[in-house]
Amino acid sequence: MMKTKYIIVTIALLVLVAVCAGAYINTNSRTIVLEFGMFAGSNWDVANANSYVIIDKAIERFEKEHKNVKIHYYSGILKDDYSEWFSKQVLLGKTPDVFMILSNDFNQFAELGILKNLDELVNNDKSFDKDKYFQTALLSGEYHGTQYALPYETVPTLMFVNKTLLEKEGINVPRSDWTWDDLYDICEKVTKDINGDGIIDQFGIYNYDWLDAARTNGAVLFDENEMKIDLSNEKVIEAVKFIKSLYALNREQNVTQEDFDSGNVVFMPLSFADYRTYKTYPYKIKKYLNFQWDCITFPAGKDGGNISEVNTLLMGISSKTAHEELAWEFLKLLTYDEEIQMDIFRYSQGASVLKNVTSSMEAELILQEDIEESEKVIDNLLLSRVIEEGTVAPKILKYNEAITIANGGIQEIIRYDKNVDSSLKILERKINQFLKQ
Amino acid sequence: MQGKKFIQFKILMIAINLIAVLFVTIFIYITTQKICNNFIAREFINRVDALPWKPDRNIIISICLFGILIFSFIIREFIYPNNSKVVYLSLLIDFVISIIIVCILNFNYNGILFLVIANIITYTKGNKGRYLLMAISIMSILIADYEMISINFRLYSINDYISFYDSMTQQYLLGFFNTVISINILIFIIYCIYVIQNQRGTIDEVNHLYEQLRKANEDLQKANEQLKEYSKITEKMGETRERNRLAREIHDTLGHTLTGISAGIDACLTMVDKSPEDTKKQLEVISRVTREGINEIRRSVNKLRPDALERLSLESAIHKMIIEIESMTHTHIYFESDVKNLKFASDEEDAIYRVIQESLTNAIRHGKASQIWVHIKGGQGEIILTVKDDGIGCKDMKMGFGTRHIIERIKMLNGTVEFDGTDGFTVTAKIPIRWGEEYD
């Protein structure tokens, strides 16, 4: 009896050990496959035919350096589908090891613990110096004081200037340290009815909103710790009033993209990616054909500087990755390697997140290559300054929804000529209630 | 050993828990697939606080962990039910595995801990460890509550997944899940009641048996006292019988002879003046009758002698007595005599024998002696008999029946007796001996 018991127990234990050992050997002998999650096309909603070139080059280099590692990615996922595709992978437990993160997703993913906390990796890697990144770019990947992602490509917003129209009106292109007053003066001068039909058809500015103005007036809109919006701040009130005064110049006439494309508007905010796309062949024949244009900084408010929003494409590591070291190496290759980062100027529309690369001569030459000789390329130092001094979207979980509500409310204040101070207070309370929910 | 019902209860609990755990994991897996197929993954992620790491792997891991639970159950119940080390080890394994399962389920279901408590209740017998284990398990149930933990930690909630369905299906799903939880708790409670009842039954039985034992003990005590009483009565009856025998003997022999002598002497008194010759004849008859009477008394006295002495020589009788006492008690008795031939007159032998017997009895009964020395020494017309023991002795001696008896016996032979209770107890008797020609 005792013998049978002994045999049963021994056999059961042996089976257990064998299963464990088998599983262990199985996982060790295979080549490691690192999943990479990316989307095709441009993050900046401009046409891009070369979206895989940089990644393919990086993969080739990485696989050469790490013999037993293969990097796999699904091609053909569009930017619009990427968020859904990625969420699906997360739900199914198939989160890629390294992946691109859309700016709309970053806060949510960081909050949910999908992204790996990179602080330890950053601090322990002696060959890694995070000060080589633009500060704003690095800040984009930070959530409540923790680095969850590294920047890959960055795009500042610039002010588009219709040089032909300004010349016609006898006005010089503003210097890079221009102010709200300068902008208002120019807008006041150019806003008029040209064809004499009684309707204004030449405008000063299009698509410039209270957020752009508030940023340049040094306003801090969100308190990230308290989860609160601050609209009753004097800087914000000034910005809204300024936008209101600009709107008043148009005498209730709506400015459209069409007006701008046909050369009847002087200023429009434009992303650096748009600038690069439509300045170069072949896309330059598609838009803005009948006038000369250039980009400058945003005008500064009373309490602020000539700054604008900087958008950054982030990349992160899955918090559940089984190959932390390799994932970190690959992430570093994409975001920290100067050669790969230089390729962003060659094959993409944004700018490199590394200060050295963006301000280098080589980058300037690459930018100049595609641009007609008569046109002046954007000054590298100006570009670096705009990126370094720019602002990034606050790390508030419901940021997008809160801003949508704020936009709606402020548009109403401007359209219906409401009292700015009191209306903003009401709006502030409404949004804070929403944020607390 | 556990009853069959206990095992059935436990199997039922394991089954219910398996259903609950599989429901949670498989339901989450299926719903995840549906969410992905409906292209609302991003929206779903916006709604939740946390996500299960790998829904498919969770199913496999929980089935494996349940396999270990069942394996430990089988080992405990069927293979080593009486080995307390194995039982405790398996209980510990159960506890750890249950905690792991609860963690994998992100505290959406913690009913499996009731299974652990049920086992602890059955297997740990009322000691400190039991209460400690119980406290730990109950604490774990309280702590391992989704609502509690989710305050501080990000946990996925089965409710988020249930809310994917339309309201009708939601109600069915929630209803099913809550029913499974309730059934598990219900079975646990019934099981506890069953265990408590069972234990109370055992306690009653023990009390009953104890009562019986107490009664039996009392009866025994009574019987013992009665027996002592009986033995006293028997002793007295023996004494009475002996007295009656003595009385009869005296009456038959001495009475008869003395009566004859008295009658003869009366006749002589009337005859002595008339016929001195006849009187002489009569006195001769009286003399003969008197001598016959003496012989008769001798014979009677002989009849009263101790059995041993009647059959054996004094020395053999003493040896026999010593052997008998030694065999009955743990006392060593050393007998030594420097008189060559221990052969005296029967009354003298009787006295010696009785003195030794009485002294030995006293030494053992009162002195609690372990060693006794008996010594007979011959001298000028007398012998000195000493009986010495190493017992507790006695400083203030009270005359008991035995010692008085000794004194009387020796006095009858014109001897002396001394008692000394300072070092053990010593009886020294000096007995004059009639070294007659017939005892050579």
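Note that the coordinates shown come from a computational prediction; the quantities given were computed from them, not determined experimentally.

Basis of the calculations
Residues numbered from 1 in each chain as written. Chains lettered and ligands numbered in written order. Predicted model: local features only at pLDDT ≥ 70, side-chain atom pairs only at ≥ 80, totals over all residues. Heavy atoms only, no water. Helix = DSSP H or I, 4+ residues; strand = E, 2+ residues; numbered from the N terminus. Rg over C-alpha atoms; globule rule 2.2 N^0.38 Å. Buried < 20%, exposed > 50% of the residue type's maximum accessible area, 1.4 Å probe, protein only. Contact = heavy atoms within 4.5 Å. Areas by Shrake-Rupley, 256 points an atom, 1.4 Å probe, with all protein chains shown as cover. Lys, Arg positive; Asp, Glu negative; His and termini not counted. Charge placed at Lys NZ, Arg CZ, Asp CG, Glu CD. 1 Å grid on protein atoms, 1.4 Å probe; cavity = no way out; pocket = protein on both sides within 12 Å on 5 of 7 lines; lining within 4 Å. Points joined across faces, edges and corners; volume = space filled by probe spheres on them. Nonpolar A, V, L, I, M, F, W, Y, C, P; charged D, E, K, R; others polar. Pairing = 2+ DSSP bridges. Axes fitted to C-alpha atoms, helices over the stretch in contact; angles between N-to-C directions. Salt bridge = Lys/Arg side-chain N within 4 Å of Asp/Glu carboxyl O. Core = buried A, V, L, I, M, F, W, Y, C linked by side-chain atoms within 4.5 Å. Phe/Tyr/Trp six-rings, centres within 6.5 Å; stacked < 30°, edge-to-face > 60°. Lys NZ or Arg CZ within 6 Å of the ring centre and 35° of its normal. Domains from an automatic or database assignment. Polar contact = N/O pair within 3.5 Å; in protein donor to acceptor, adjacent residues only side chain to side chain. Expected span 1.5 Å × (residues − 1). Buried area = accessible area lost by both parts, 1.4 Å probe.

### A few points about the overall build of chain B
What chain B contains, in helices and strands, is 14 helices and five strands. In summary, chain B has a C-alpha radius of gyration of 50 Å against a globular reference of 22 Å for 440 residues, an excess of more than 25%. With the C-alpha coordinates of chain B rotated into their principal frame, the extents come out at 165 × 45 × 35 Å. Of all 440 residues assigned to chain B, the portion counted as buried reaches 37%. Nonlocal contacts in chain B, meaning residues at least 24 apart in sequence, comprise 69% of its contacts between residues at least 6 apart. Accessible surface, chain B as shown: approximately 27,200 Å² in total, 59% of it carbon and sulfur. Positive and negative charge centroids in chain B, built from 50 and 51 side chains respectively, lie 7 Å apart.

### Notes on empty space enclosed by the protein
All names here are of chain A. With the rule as written, the count across this model stands at one cavity of 30 Å³ or more. Approximately 140 Å³ is the volume found for the largest cavity. The wall of the largest cavity is formed by 18 residues, among which Gly41, Asn48, Ser51, Glu153 and Ser348 lie closest to the centre. Sorting the residues of the lining of the largest cavity by element identifies α2 (53-65) and β6 (150-162) as the ones contributing at least two each. Considered class by class, the residues forming the lining of the largest cavity number nine nonpolar, eight polar and one charged.

### Some words on the sheet that holds strand β5 (residues 425-432) of chain B
Two orientations exist for strands paired in a sheet by backbone hydrogen bonds: parallel and antiparallel. All names here are of chain B. The five strands lie next to each other as β1-β2-β3-β5-β4, forming an open sheet whose pairing is mixed. Two strands lie at the open edges of the sheet, namely β1 (332-337) and β4 (416-420), each paired on one side alone. Adjacent strand axes in the sheet meet at a mean angle of 10 degrees, parallel and antiparallel pairs treated alike. Here strand β2 (residues 371-378) pairs with strand β3 (residues 382-389) via seven bridges, running antiparallel. Residue pairing across strands places Ile372 opposite Asp389, the latter belonging to β3. Relative to β1, helix α12 (residues 314-328) is tilted by about 165 degrees, and along the sheet it contacts β1 and β2.

### A short note on the pattern of salt bridges
Tallied over the entire structure, the rule returns 29 salt bridges over all chains. Between Glu339 of chain A and Arg61 of chain A there is a salt bridge, with the nearest N and O atoms lying 3.7 Å from each other. With Glu339 of chain A in helix α14 (residues 338-347) and Arg61 of chain A in helix α2, this pair connects stretches of sequence that are 278 residues apart. Classification of Arg61 of chain A by relative accessible area gives partly exposed; the value is 25%. Salt-bridge contacts for Glu292 of chain B lead to Arg288 of chain B; the nearest nitrogen and oxygen are separated by 3.5 Å. With Glu292 of chain B and Arg288 of chain B both in helix α10 (residues 276-303), this residue pair falls four residues apart, about one helical turn. Bridged by salt links that share partners, the residues Lys57, Asp343, Arg346 and Glu362 of chain A form one connected network.

### Here's the deal with the nonpolar core
Among the nonpolar cores identified, the biggest contains 153 residues, and Phe36, Ile55, Met100 and Phe330 of chain A together with Leu51 of chain B are the most heavily contacted of them. Counting residues per element, this core draws most heavily on helix α1 (residues 4-37) of chain B, which supplies 14 residues. Beyond its immediate chain neighbours, meaning those up to four positions away, Phe330 of chain A contacts Leu34, Phe36, Ala58, Ile59, Phe62, Ile71 and Val98 of chain A. Grouped together as the second largest cluster of nonpolar side chains are 47 residues, Leu165, Ile229, Ile296 and Ile396 of chain A included.

### Describing the packing of aromatic side chains
One pass over the structure, following the stated rule, counts 38 aromatic pairs over all chains. Taken together, the ring pairs connect Phe39, Tyr74, Tyr82, Trp85, Phe86, Phe99 and Phe109 of chain A into an aromatic cluster. A cation over a ring is seen here: Lys398 of chain A above Phe434 of chain A, with NZ or CZ 4.9 Å from the ring centre. Directly above the aromatic system of Trp53 of chain B lies the positively charged group of Arg57 of chain B, at a separation of 5.3 Å from the ring centroid.

### Focus: the domain arrangement of chain B
On domain assignment, one finds that chain B holds domain 1 (4-164), domain 2 (225-303) and domain 3 (307-432). For domain 1 of chain B and domain 2 of chain B, the distance between their C-alpha centres works out to 108 Å.

### Some details on the side chain of Asp125 of chain A
All names here are of chain A. Mapping Asp125 onto the fold places it in the loop between α5 (119-124) and α6 (135-140). Among the polar contacts listed, one links the side chain of Asp125 to the side chain of Ser127, at a separation of 2.7 Å. Setting aside chain neighbours within four positions, we find Asp125 in contact with Trp328 and Lys332.

### Re helix α13 (residues 346-365) of chain B
For α13 of chain B, with 20 residues, the first-to-last C-alpha span of 28 Å sits near the 28 Å given by 1.5 Å per residue. Every buried residue belonging to α13 of chain B is among Glu348, Glu349, Asp350, Ala351, Ile352, Tyr353, Val355, Ile356, Ser359, Leu360, Asn362 and Ala363 of chain B, and all of these are buried.

### Describing the interface of chain A and chain B
Taken residue by residue, the interface counts 22 residues in chain A and 25 residues in chain B. Buried surface at the junction of chain A and chain B, summed over both partners, amounts to about 2,100 Å²; 66% is from carbon and sulfur atoms. Taken as a group, Glu84, Leu91 and Leu112 of chain A account for 32% of the area that chain A buries against chain B, more than any other trio of residues on that side. Between chain A and chain B we count two salt bridges in total. One salt bridge connects Glu111 of chain A with Arg154 of chain B, and the closest N-O pair in it is separated by 2.3 Å. Of all elements in the fold, only α1 (2-29), α3 (79-91) and α4 (103-112) of chain A reach the threshold of two or more residues within the side of chain A that touches chain B.

### Let's talk about the environment of Arg243 of chain B
Following the sequence through the fold, Arg243 of chain B ends up in helix α9 (residues 167-271). With 103 residues separating them along the chain, Arg243 of chain B and Ser346 of chain B place their C-alpha atoms 21 Å apart.

### Quick look at the side chain of Lys395 of chain A
Residue and element names in this part refer to chain A. Locating Lys395 in the fold gives a position in the loop between α17 (380-389) and α18 (399-415). Although Lys395 lies buried, it forms no salt bridge, and the closest oppositely charged side chain, Glu224, sits 5.8 Å away as judged by the N-O distance. Only 3.4 Å separates the side chain of Lys395 from the backbone oxygen of Ala393, close enough to count as a polar contact. Other than its neighbours up to four places away in sequence, Lys395 contacts Phe106, Asn107, Leu139, Ser140, Glu142, Tyr143, His144 and Glu224.

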